[in-house]
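Spelled out from the first residue to the last, the chains are:
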Amino acid sequence: MKKMLSMLLATLMVLSLLAGCGSNTNAPATTDTPAAADTTDTTASGEAAAVEPFTGSNVFEAVEWAQRNFPDATVIRYANQTSSANFEANGGSIAAACLYLAKELPIRTEGRYRLEVYADGILASSVDDIVGGLKEGTFEMNCLTAGSWSSYTDAFAEINVPFLFSSCEHAEAVLEAGLLDEMYARAEADVPGVLFRGINAIGFRELTNNKKEITTPADVSGLKLRTLSDPIQIAAWEALGASVVSVPYSDLYSSLQQGMIDGEENPALNLWNEKLYEVQKYMTMTNHLFTLSCQIVSKDFYDSMSAEDQQILEELIAEAQVASFDRYKEMSEEAVAHLEDAGMIITYLDDAQLQAFKDAMAPAYDMCIETMGQERWDALQNYLTANAG
């Protein structure tokens with residue numbers, strides 16, 4: 001039902017564009033400052049109208065609540081490849097971040113803005129679609145994994161290095177120490193028209209396949225794998241003898257189901273939320289890459305906002321980032337147990353086995369240094385060492 005809602009919203013948006021009036025042209029509503037438990041809106045006649053408290057549990061319910069209570073708010077269209085089922089279940093970090101934005105945005109802006117979410121890659125599925133959509137005003141926000149930007153910028157080479165972080169906490173510490181700001185500054189210089197703001201925690205990626213249990217790098221040889229489109233990640237898996245195949249995330253389930261590819265690599269939480277366990281038999285806990293997605297905003301849209309609303313949006317994105325990491329930490333271990341209960345054969349590797357994978361991916365490290373340059377590589381090592389505790 002929620003997927004149908006997303007598709008209906010997308011259809012209505014296209015029809016409105018053809019009619020010459022975009023969904024983002026509503027005049028901002030003027031509202032009284034809402035109280036925490038008893039909010040009010042102001043009608044065109046100046047009469048106070050009660051705003052019902054939000055009592056839902058997912059972003060679609062938050063979108064519907066905002067539509068009812070703030071119908072005149074300017075719409076921020078949030079396009080994403082995450083499935084409707086994931087959003088409906090509030091099943092992961094992106095869903096948690098979007099839920100936070102959807103329920104807080106109309107309140108904090110006093111009814112001037114609200115969020116609408118378009119799931120399942122309906123509005124944009126490829127990187128080109130996403131960048132083009134933000135620049136052309138098809139939508140105002142999106143989020144995209146840092147490993148998907150290589151055709152536009154090498155800004156995220158640092159966090160595409162295999163076996164970089166020892167834990168989620170290590171990743172957070174290194175990013176907050178200044179690495180994220182440096183990467184985002186490079187990205188905005190390379191991708192004009194797109195603003196890079198907060199991040200969503202996607203988590204440590206694991207290797208899955210339908211052919212066999214994998215315990216050594218040699219076991220990967222000959223497998224057709226879908227990986228992130230980043231050249232460093234491709235080089236890492238090709239060094240193990242895999243045949244890397246490019247597949248959009250929204251097409252991953254069907255590609256595995258139809259046997260177009262043998263396996264893929266994703267965090268356990270994604271495997272559970274997207275039901276990839278239905279089309280994958282084996283999972284090896286490699287923890288080879290900590291993935292994050294970049295929260296991105298159309299610069300043209302951002303520049304159209306008042307300074308006050310820009311600040312509010314920045315604050316909300318930062319708060320949504322916290323909600324994202326909290327949701328990831330809450331659900332990641334549970335996801336592994338769910339996958340095992342669902343019948344996946346899960347293989348755990350000891351330190352020596354993991355080191356064998358890291359050693360076999362040596363060509364990827366050479367590419368990292370070549371891509372970043374020695375100065376950036378040395379700075380990355382300093383970040384890792386200084387924030388290891």
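Residues numbered from 1 in each chain as written. Predicted model: local features only at pLDDT ≥ 70, side-chain atom pairs only at ≥ 80, totals over all residues. Heavy atoms only, no water.

Caption draft 1: Spatial organisation of the packing of aromatic side chains. Taken as a whole and judged by the stated rule, the model has 13 aromatic pairs. Pairing Tyr-184 with Phe-196 gives two aromatic rings, centres 5.5 Å apart and planes at 50 degrees, and the pair type is tilted. Of this pair, Tyr-184 sits in helix H6 (residues 168-190) while Phe-196 sits in strand S6 (residues 194-209), placing them twelve residues apart in sequence. Taking relative accessible area as the criterion, Tyr-184 reaches 6% and is therefore assigned buried. Aromatic ring contacts, followed pair by pair, group Trp-149, Tyr-152, Phe-156, Tyr-184 and Phe-196 into a single cluster. It is Arg-197 that lies over the ring of Tyr-302; its NZ or CZ is 5.4 Å from the centre. (Phe/Tyr/Trp six-rings, centres within 6.5 Å; stacked < 30°, edge-to-face > 60°. Helix = DSSP H or I, 4+ residues; strand = E, 2+ residues; numbered from the N terminus. Buried < 20%, exposed > 50% of the residue type's maximum accessible area, 1.4 Å probe, protein only. Lys NZ or Arg CZ within 6 Å of the ring centre and 35° of its normal.)

Caption draft 2: Summary view of the pairing of strand S10 (residues 282-285). Both faces of S10 are covered, namely the face carrying Tyr-282 and Thr-284 and the face carrying Met-283 and Met-285. In terms of strand pairing, S6 meets S10 through three bridges, oriented antiparallel. Bridged to Thr-208 within S10 is Met-283. (Pairing = 2+ DSSP bridges.)

Caption draft 3: Examining helix H7 (residues 231-238) more closely. Those residues of H7 that fall on the buried side of the exposure criterion are Ile-232, Gln-233, Ala-235, Ala-236 and Trp-237. Where H7 starts, the residue carrying a side-chain oxygen 2.9 Å from the main-chain nitrogen of Ile-232 turns out to be Asp-230. (Polar contact = N/O pair within 3.5 Å; in protein donor to acceptor, adjacent residues only side chain to side chain.)

Caption draft 4: Just the packing of helix H12 (residues 351-360) against helix H13 (residues 362-372), in detail. Between H12 and H13, the least distance of the axes is 4 Å, while the angle of their chain directions is 50 degrees. Relative to H13, H12 is oriented oblique. Residue-level contacts link Lys-358, Asp-359 and Ala-360 of H12 to Ala-362, Pro-363 and Tyr-365 of H13. Looking at the contact of H12 with H13, its residues break down into four nonpolar, no polar and two charged. (Axes fitted to C-alpha atoms, helices over the stretch in contact; angles between N-to-C directions. Parallel < 35°, antiparallel > 145°, perpendicular 65-115°, else oblique. Contact = heavy atoms within 4.5 Å. Nonpolar A, V, L, I, M, F, W, Y, C, P; charged D, E, K, R; others polar.)

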